[in-house]
Amino acid sequence: MTTWTHASLACSIVAAALVIRTALGELRRPGTAREQRLFLTNTAAVMTGAASAAVLGAALVFVETDPGHAVWALLGGILTAFIVDRLMDQAGKGRE
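As a starting point, this report considers the structure included with it.

Cut-offs used in this document
- Residues numbered from 1 in each chain as written.
- Predicted model: local features only at pLDDT ≥ 70, side-chain atom pairs only at ≥ 80, totals over all residues.
- Heavy atoms only, no water.
- Phe/Tyr/Trp six-rings, centres within 6.5 Å; stacked < 30°, edge-to-face > 60°.
- Helix = DSSP H or I, 4+ residues; strand = E, 2+ residues; numbered from the N terminus.
- Buried < 20%, exposed > 50% of the residue type's maximum accessible area, 1.4 Å probe, protein only.
- Patch = residues over 30% accessible without salt bridge, like charges linked within 9 Å, V, L, I, M, F, W, Y side chains within 5 Å.
- Areas by Shrake-Rupley, 256 points an atom, 1.4 Å probe, with all protein chains shown as cover.
- Salt bridge = Lys/Arg side-chain N within 4 Å of Asp/Glu carboxyl O.
- Contact = heavy atoms within 4.5 Å.

Things to note about the packing of aromatic side chains
Item 1. The tally for this structure, following the rule as stated, stands at one aromatic pair.
Item 2. Each ring, one from Phe-39 and one from Phe-82, has its centre 5.4 Å from the other, and the planes form 90 degrees; the classification is edge-to-face. Residue Phe-39 is found in the loop between helix H2 (32-37) and helix H3 (43-63), and its partner Phe-82 is found in helix H4 (residues 70-95); the two are separated by 43 residues along the sequence.
Item 3. By relative accessible area, which is 11% here, Phe-39 ends up buried.

Concerning a nonpolar patch on the surface
Item 1. On the surface, Ile-20, Leu-24 and Leu-27 cluster together into a nonpolar patch covering about 320 Å² of accessible area.
Item 2. Relative to the helices and strands, Ile-20 resides in helix H1 (residues 3-28).

Considerations on the environment of His-69
Item 1. You can see His-69 is positioned in the loop between H3 and H4.
Item 2. Put simply, His-69 and Lys-93 are 24 residues apart on the chain and 36 Å apart in space, counted from C-alpha to C-alpha.
Item 3. When near neighbours in sequence (up to four residues on either side) are disregarded, His-69 contacts Thr-3, Ala-7 and Leu-60.

Structural data, given as structure tokens:
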């Protein structure tokens, strides 16, 4: 197996775990999956995630690693956008 295969497989496992977590949360409390997907409508969070993925991708190019690690840069950008959205939501609730 190449590094591309390893990176894709590992990233797929992480993504599957996050999907299962979302599905279990939806079973326990309906509507939570929709709340978790709302980060895609937050422009600031999406732009931060895109910038994070770009920086990680650029760092991988600079170090001259295998292109398979770009999958991790993409997953890192998505998770960054999710976390930024959550932090912005908590900060907004704290001001009320």
